[in-house]
Amino acid sequence: MKLQGKVALITGGGTGIGRALALALAQEGAHLVVTGRRLEPLQEVAKRIGASGGQVRLMSGDVALAGDARRMVEECLGAFGRLDVLVNNA
């Protein structure tokens, strides 16, 4: 697993390319914080990652809003203690 133990934050991770990246990074062993504006798609991604034994945290928010972007990073640091990979997909 190429990303074993690394921590990744993915914006726009509920659908499309962001979803595919979240699933791929989890498969490679990364711990994830997956964000997006709609909670339902994020929950589906988390369900798939969790079913395969991956660690994931979700956060609904809009990366275009400074306060939400700040909270995304804070969630990542609070949950996993660091941030190794940032995917600005949104």
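Counting restarts for each chain, with residues numbered from 1 along the sequence as it is written. The model is predicted, so local features are restricted to residues of pLDDT at least 70 and side-chain atom pairs to those at 80 or more, both for listing and for counting; the totals for chains, interfaces and linings are taken over all residues. For the side-chain quantities, the full set of heavy atoms in the structure was used; hydrogens and water were omitted.

**Brief notes about the pairing of strand 2 (residues 31–36)**
Our working rule: Residue burial is assigned from relative accessible area. The probe radius is 1.4 Å, only protein chains are included, and a residue is buried under 20% of its type maximum, exposed over 50%, and partly exposed in between. Secondary structure elements follow DSSP: runs of H or I no shorter than four residues count as helices, runs of E no shorter than two count as strands, and numbering proceeds from the N terminus. Whether two strands pair comes down to DSSP finding at least two bridges between them. Viewed with both strands pointing away, a crossover whose connecting path from the first strand over the helix to the second turns clockwise is right-handed.
Taken across its 6 residues, strand 2 has 6 buried, putting it largely inside the fold. In the sheet, strand 1 (residues 7–11) pairs with strand 2 via 4 bridges, with the strands oriented parallel. Bridge pairing links Leu9 to Val33 in strand 2. Taking the sense of rotation as the criterion, the β-α-β connection linking strand 1, helix 1 (residues 16–27) and strand 2 turns out right-handed. As paired strands, strand 2 and strand 3 (residues 56–60) are joined by 5 bridges and run parallel to one another.

**A short note on the pattern of salt bridges**
Put simply, the rule reads: Note on definitions: salt bridges are taken to be side-chain nitrogens of Lys or Arg within 4 Å of carboxyl oxygens of Asp or Glu.
Summed over all chains, the structure comprises 2 salt bridges. Its salt-bridge partner being Asp68, residue Arg71 comes within 2.2 Å of it at the nearest N-O pair. One end of the pair is Arg71 and the other is Asp68, both in helix 3 (residues 66–80) and 3 residues apart, which spans about a single turn. Across the pair Asp84 and Arg82 runs a salt bridge, and its minimum N-O distance is 2.7 Å. Its relative accessible area of 37% is what places Arg82 among the partly exposed residues.

**Side note on the sheet that holds strand 2**
The cut-off we apply is this: Between N-to-C directions, angles span 0 to 180 degrees; the directions come from axes that are lines fitted to C-alpha atoms, helices contributing only their stretch in contact. Working rule for contacts: check all heavy atoms of both residues, and any pair within 4.5 Å makes them a contact.
Overall, parallel pairing links the 4 strands, which are arranged 3-2-1-4 in an open sheet. Edge positions in the open sheet fall to strand 3 and strand 4 (85–88), since each of these has one partner strand only. Direction aside, neighbouring strands of the sheet carry axes that sit 15 degrees apart on average. Taken strand by strand, helix 1 contacts strand 1, strand 2 and strand 4, and its axis lies near 170 degrees from that of strand 1.

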